[in-house]
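Chains, contacts and geometry: an overview
Residue strings, one per chain:
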Amino acid sequence: MRFDVITIFPDFFAGVFEHGIVRRARSEGLVTIEAQDLRAFTRDKHRTVDDRPFGGGEGMVLKPEPLARALASLGIEPRTSSPALAPTARKDGACKAERPEGLSVILLSAQGRPFTQAVARELACLERIVLLCGRYEGVDERISDLYCDMELSIGDYVLSGGELAAAVVIDAVMRLVPGVLGNEASSEFESFGAPDAEIGANRKGLPRSQHGAGGLLDYPHYTRPAEFEGLRVPEVLLNGDHRQIRRWRREQQLRKTLLNRPDLLERAVLSAEDRELLRTIRARQ
Ligand code: SAM
């Protein structure tokens, strides 16, 4: 899988992807990440990438021409019909047919669709992603209209630039690329893991809630020593009874999700046993 990031700060990415799983995935050729310097696509001696906003107001806006040239250098041309010109065409997919299959152009923006694990799973199916990093007040809207398949926001707060957001998206997506995590199942078993129904028929036969986080948060993890600062590891994890351990972990997932992210419970796939556990947890509260 290849990621290209268009940015005015290409050096930002020099160290970010030099560690752990990303480093290994890059060195094994599973993932390629290239930062493209937006200033290299300017044509004036000051290498100007921004200008004042039409209509007045604070701040500067990233100009469209250098961004368009940077995209052209990656083989990406404007759409023949922009969503702005064709009201029926929408950024969330209706225009995707105009792009080569497996490619998506994404603008990082606080106004974008929320980036979630489900979106990361969708993106991990692509072969190539081009990420545009805004700065200042943002990017001339015509770039989004003409080139972008989606705008993504990494949270309800405003960053000073799209670089951190691009790094977050790349990290979350690339670890879902087949072969990047040592154990293929491990991304199913963590927080926001796909609902059981999405995981696939090959896991039939395993009791529900033994596989996949089912859209819930992860359960607590412990390692040696069995006692630390007077706190003992829950006894159930030491007794080797895998049925009890599974039930305890599922209960903990439900408890943590209820406490920190009750919104996830509304969308989660819950078994009869899950609902029974939830009733017990709620009764204890
Ligand atoms: N005027 C914009 C607004 O109010 O939505 C904020 C611009 S912000 C200072 C500069 C750039 O940071 C944006 O163009 C975008 O690329 C990036 N950015 C800021 N917050 C973001 C977020 N929550 N998710 C993704 N990108 C973000």
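Details of the structure are given in the entry above.
The following refers to the structure shown. (Residues numbered from 1 in each chain as written. Predicted model: local features only at pLDDT ≥ 70, side-chain atom pairs only at ≥ 80, totals over all residues. Heavy atoms only, no water.)

1. Things to note about the overall build of the chain
Looking only at helices and strands, the chain features 10 helices and 9 strands. Residues classed as buried in the chain amount to 45% of the 285 residues present. When contacts within the chain are restricted to residue pairs at least 6 apart in sequence, long-range pairs at least 24 apart make up 72% of them. By element, 52% of the accessible surface of the chain is carried by carbon and sulfur atoms, the whole surface being about 15,900 Å². (Helix = DSSP H or I, 4+ residues; strand = E, 2+ residues; numbered from the N terminus. Buried < 20%, exposed > 50% of the residue type's maximum accessible area, 1.4 Å probe, protein only. Contact = heavy atoms within 4.5 Å. Areas by Shrake-Rupley, 256 points an atom, 1.4 Å probe, with all protein chains shown as cover.)

2. Some points on the environment of Asp 241
Mapped onto the elements of the fold, Asp 241 is located in the loop between strand 9 (231-232) and helix 8 (242-260). Judged by its relative accessible area of 31%, Asp 241 is partly exposed.

3. Observations regarding a nonpolar patch on the surface
There is a patch of nonpolar side chains on the surface, built from Tyr 157, Leu 159 and Leu 164 and spanning about 280 Å² of accessible area. Along the chain, the position of Leu 164 falls in helix 6 (residues 163-174). Taking relative accessible area as the criterion, Leu 164 reaches 48% and is therefore assigned partly exposed. (Patch = residues over 30% accessible without salt bridge, like charges linked within 9 Å, V, L, I, M, F, W, Y side chains within 5 Å. Salt bridge = Lys/Arg side-chain N within 4 Å of Asp/Glu carboxyl O.)

4. A short note on the packing of aromatic side chains
A complete count under the given rule lists 2 aromatic pairs for this structure. Centre to centre, the rings of Phe 12 and Phe 13 are 5.0 Å apart; their planes meet at 70 degrees, and the pair counts as edge-to-face. (Phe/Tyr/Trp six-rings, centres within 6.5 Å; stacked < 30°, edge-to-face > 60°.)

5. Overview of the environment of Tyr 219
On the secondary structure map, Tyr 219 appears in the loop between helix 7 (196-199) and strand 8 (227-228). Relative accessible area serves as the criterion here: at 17%, Tyr 219 is assigned to the buried category. Sequence-wise, Tyr 219 and Arg 255 are 36 residues apart; in three dimensions their C-alpha atoms are separated by 8.9 Å. In contact with Tyr 219, other than residues within four places in its own chain, are Arg 249, Gln 252 and Gln 253.

6. Side note on the site of the ligand
Leu 108, Gln 111, Gly 134, Tyr 157 and Leu 159 are the nearest of the 20 residues found near the ligand. Residue Ser 109 places a main-chain N or O atom 3.4 Å away from a nitrogen atom belonging to the ligand. In this structure, a nitrogen atom belonging to the ligand sits 3.0 Å away from a main-chain N or O atom of Gly 155. Of all elements in the fold, only strand 5 (103-114) and strand 7 (150-153) reach the threshold of two or more residues within the shell around the ligand. The biggest single contributor to the shell around the ligand is strand 5, with 4 residues. Residues of the shell around the ligand, tallied by class, amount to 9 nonpolar, 9 polar and 2 charged. (Near = heavy atom within 4 Å. Polar contact = N/O pair within 3.5 Å; in protein donor to acceptor, adjacent residues only side chain to side chain. Nonpolar A, V, L, I, M, F, W, Y, C, P; charged D, E, K, R; others polar.)

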